[in-house]
Amino acid sequence: MSENYRTRNSLLMRAKNPKDEQAWEEFVRYYKAFIIMLLRQMKISQHDGEDLTQAILVKIWKKLETFDPKKAKFRTWLSTLIRNTVYNHWSAQESRSRATRKHGDFVRESPTGLPSSPEFDVIFQQEWEAYLANMAKQNIKDDFKERDMDIFEMSLRNESTADIAEKYGVNASTVTRSRNNVRDRLIQEIRHLRFELEL
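Residues numbered from 1 in each chain as written. Predicted model: local features only at pLDDT ≥ 70, side-chain atom pairs only at ≥ 80, totals over all residues. Heavy atoms only, no water.

(A) How the structure looks around the nonpolar core. Counting 46 residues, the largest nonpolar core has Tyr 31, Ile 60, Leu 64, Phe 74, Ile 82 and Val 86 as its most contacted members. Going through the elements one at a time, helix H2 (11–15), helix H3 (21–41), helix H4 (46–63), helix H5 (74–101), helix H6 (117–140), helix H7 (146–156) and helix H9 (172–198) are the ones with two or more residues in this core. A per-element tally of this core places H3 first, with ten residues. The residues touching Tyr 31, leaving out its near neighbours within four places in the chain, are Phe 74, Leu 78, Trp 128 and Leu 197. The next biggest cluster of nonpolar side chains, apart from the first, holds five residues, and it includes Ile 151, Met 154, Ala 165 and Val 175. (Core = buried A, V, L, I, M, F, W, Y, C linked by side-chain atoms within 4.5 Å. Buried < 20%, exposed > 50% of the residue type's maximum accessible area, 1.4 Å probe, protein only. Helix = DSSP H or I, 4+ residues; strand = E, 2+ residues; numbered from the N terminus. Contact = heavy atoms within 4.5 Å.)

As C-alpha cells, this is what we get:
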C-alpha cells in the first residue's frame, strides 16, 4: 500500500467518529447504493428494500463506533449486520403476519427463499466486488478518452487486439497501450476504494 494511504485515516475510520458528519454522509453515499443493490439481488421488493436500507444504515450508524478492525474485517462485520437485519425484519413480519391472520386480516407474504448464511456470504462478496469495480470505472472514466474506455471494455469481452485496432483504425500497439493504461488506473482506483471503504 502506498505511503499516502498509510499517513491518513480511511473514510471508514473517519465515519466511526460520530462528530464527523461529512465523513458519515460520504460513507452513506457509497454504501447506500451497495445495500440497495444487495437487497435487490436477494429478491426483496423495492418497498421493503427502502425500509430495510434505512434500518441497516441506522444500525451501522449506531454500531460503527464499536467496530474493531482487529477482531474482524469490515466486510465481514457489515455482511453479518445486513444479514441479521434482513432476517430479523422478516421474522418480525412473520410474527405480525401470524397474529394478524388470527383476526382474518390480509397480510402481504414475506419473500420465500431468503439465502442461508453461506449463500448470503457468497452473494455479498460477489456483489461487493462488482460494486467496487463499477464504482472504480465510473471514478476514472473522465481521466480517459471515450475510445480508451471502449477499448478496455472490448478487451474485457475478449475481443482480439487486431479486431479492436481495425474498428478504431489504429495500430495494435495503440490498443495495447490504451487497454493497459485504463487497466493500471482501474487497479489503482480499486485499491484506493478498498482503503477508503474496507480499512
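(B) How the structure looks around the packing of aromatic side chains. In total, this model carries 13 aromatic pairs according to the counting rule given. Ring geometry for Trp 24 against Phe 27: centres 5.3 Å apart, planes inclined by 20°, an arrangement best described as stacked. Of the two residues, Trp 24 and Phe 27 are both situated in helix H3; the distance of three residues between them amounts to about one turn of the helix. Of the residues examined, Phe 27 reaches a relative accessible area of 1% and is grouped as buried. Taking 6.1 Å as the distance between ring centres and 75° as the angle between the ring planes, the aromatic pair formed by Phe 27 and Phe 74 counts as edge-to-face. Taken together, the positions of Phe 27 in helix H3 and Phe 74 in helix H5 put the pair 47 residues apart, joining distant regions of the chain. Each member of the aromatic cluster is reached from another via a ring pair, and the members are Trp 24, Phe 27, Tyr 31, Phe 34, Phe 67, Phe 74, Trp 77, Phe 120, Phe 124, Trp 128 and Tyr 131. Its guanidinium or amino end placed over the ring of Tyr 30, Arg 29 lies 4.9 Å from that ring's centre, counting from NZ or CZ. (Phe/Tyr/Trp six-rings, centres within 6.5 Å; stacked < 30°, edge-to-face > 60°. Lys NZ or Arg CZ within 6 Å of the ring centre and 35° of its normal.)

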